[in-house]
Amino acid sequence: MSDLLDYALHAHGGLDRWRRVRSIHVRGSVGGLLWGSRGQEGIFTTADFALDVRRQHLVYHDFTGPGLRGVFTPGRVSIEDRARNVLTQRRSPRMAFTGHGPDSPWDQLHALYFGGYAMWNYLTAPFLLTMPGVQVEELEPWEAAGERRRRLRAVFPEDIATHSREQVFHFDSTGLLRRHDYAAGVLGAAPAAHYSDAHKEVSGLVFPTRRRVVPVREDGRSVPTPVLVAIDLTQITVH
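Residue positions are given per chain, counting from 1 as you read along its sequence in written order. It should be noted that, the model being predicted, local features are given only for residues of pLDDT at least 70 and side-chain atom pairs only at 80 or more, the latter also being counted only at that level, while totals for whole chains, interfaces and linings use all residues. Each side-chain value is derived from all of the structure's non-hydrogen atoms; neither hydrogens nor water enter the calculation.

Undergrad: Which residues make up the pairing of strand E4 (residues 69–73), and what values do they have?
TA: For each residue, the accessible area found with a 1.4 Å probe, counting protein chains only, is set against the maximum for its type, and the residue is called buried under 20%, exposed over 50%, and partly exposed in between. Strands are runs of DSSP state E lasting at least two residues, helices are runs of H or I lasting at least four, and both sets are numbered from the N terminus onward. Where burial is concerned, most of E4 is hidden: four out of the five residues are buried. Only strands that DSSP links by at least two bridges are regarded as paired with each other. By the bridge criterion, five bridges tie E4 to strand E5 (residues 76–80) in an arrangement that is antiparallel. Its bridge partner being in E5, Thr73 is matched across the sheet by Arg76. Where E4 folds back onto E5 in an antiparallel hairpin, the turn is made up of two residues.

Undergrad: Explain the packing of aromatic side chains residue by residue, including any values.
TA: Two descriptors summarise a pair of aromatic rings, namely the distance from one centre to the other and the angle between the planes of the rings. Geometry of aromatic contacts follows a simple scheme: Phe, Tyr and Trp rings, the Trp one being its six-membered ring, pair when their centres are within 6.5 Å, and the pair is stacked under 30 degrees between planes, edge-to-face over 60, tilted otherwise. Enumeration according to the criterion identifies 15 aromatic pairs in this entry. Where Trp35 meets Trp106, the ring centres are 6.3 Å apart and the plane angle is 70°; that geometry is what we call edge-to-face. Residue Trp35 is located in helix H3 (residues 33–37), and its partner Trp106 is located in the loop between strand E6 (86–91) and helix H4 (108–124); the two are separated by 71 residues in the primary sequence. As far as burial versus exposure is concerned, Trp35 and Trp106 are alike and both buried. On the basis of an interplanar angle of 75° and a centroid distance of 5.6 Å, the ring pair of Phe114 and Tyr117 is categorised as edge-to-face.

Undergrad: Can you explain the pattern of salt bridges? Please cite residues and give values.
TA: One speaks of a salt bridge when a side-chain nitrogen belonging to Lys or Arg is within 4 Å of a carboxyl oxygen belonging to Asp or Glu. Under the counting rule described, the total for this entry stands at 14 salt bridges. Taking the shortest distance from any N to any O, the salt bridge between Glu158 and Arg165 comes out at 3.7 Å. We classify Glu158 as exposed; its relative accessible area is 66%. Arg165 gets classed as partly exposed once you look at its relative accessible area, which sits at 26%. When the shortest N-O distance is used, the salt bridge between Asp181 and Arg179 registers 2.6 Å. Per residue, the accessibility class of Asp181 equals that of Arg179, and both read buried.

Undergrad: Give me the lowdown on the environment of Leu34, citing residues and values where you can.
TA: Assignment of secondary structure puts Leu34 in helix H3. The class for Leu34 is buried, based on a relative accessible area of 8%. As for Leu34 and Ala8, which are separated by 26 residues in sequence, their C-alpha atoms are 29 Å apart. Contacts are residue-level and defined by heavy atoms, with any inter-residue pair within 4.5 Å sufficient. Apart from the residues within four sequence positions on either side, Leu34 is in contact with Trp106, Phe114, Leu187, Leu228 and Val229.

Quick look at the structure:
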């Protein structure tokens, strides 16, 4: 493990604490330009979901309707009723984005796959970077907001559903995650900067509760608008 990853893990609660966690339950809202541009405006305006920390499994409660569940795993997404009867599903869901352009419309299962893997990645970072097959290395620091921030490059294995194989995580002087760079393959791989703040301690772990994703220029500098994804978390419970 790199010194920077160890430092970041300590700032977010410590590796030992993360290893004892089984699941995380979150309430909040997810908005931004992305959803309307894909024909899914408001699909996550009220977000209530639970995720398994050890494996990529996430469930949205009241997804698209009262009592319905949106279930994400890398190999399958489904919408179920209260009795867990499957109403609709899609296997190999990432393949459903093949041939999509920047304006291609999504259905509810497209949104569920993207919203499932993205939130699982966001809520498990930086513990995510300790998982089998993830390779990390420290890059040159980045100057931002009058601060010299340390950066960690991560290369993800094929068996982890994520935005892109290569991503960069920026940490402030205290080790907190402040920026996350990636080019989401299912969105056509346009580069984006994901900013995190309003960190909150919950049951010994530390999570950003306010997140904003914005475009990035060729020089790596971000632009403030449009806000592609806006995430505001109001309640986090750790089990």
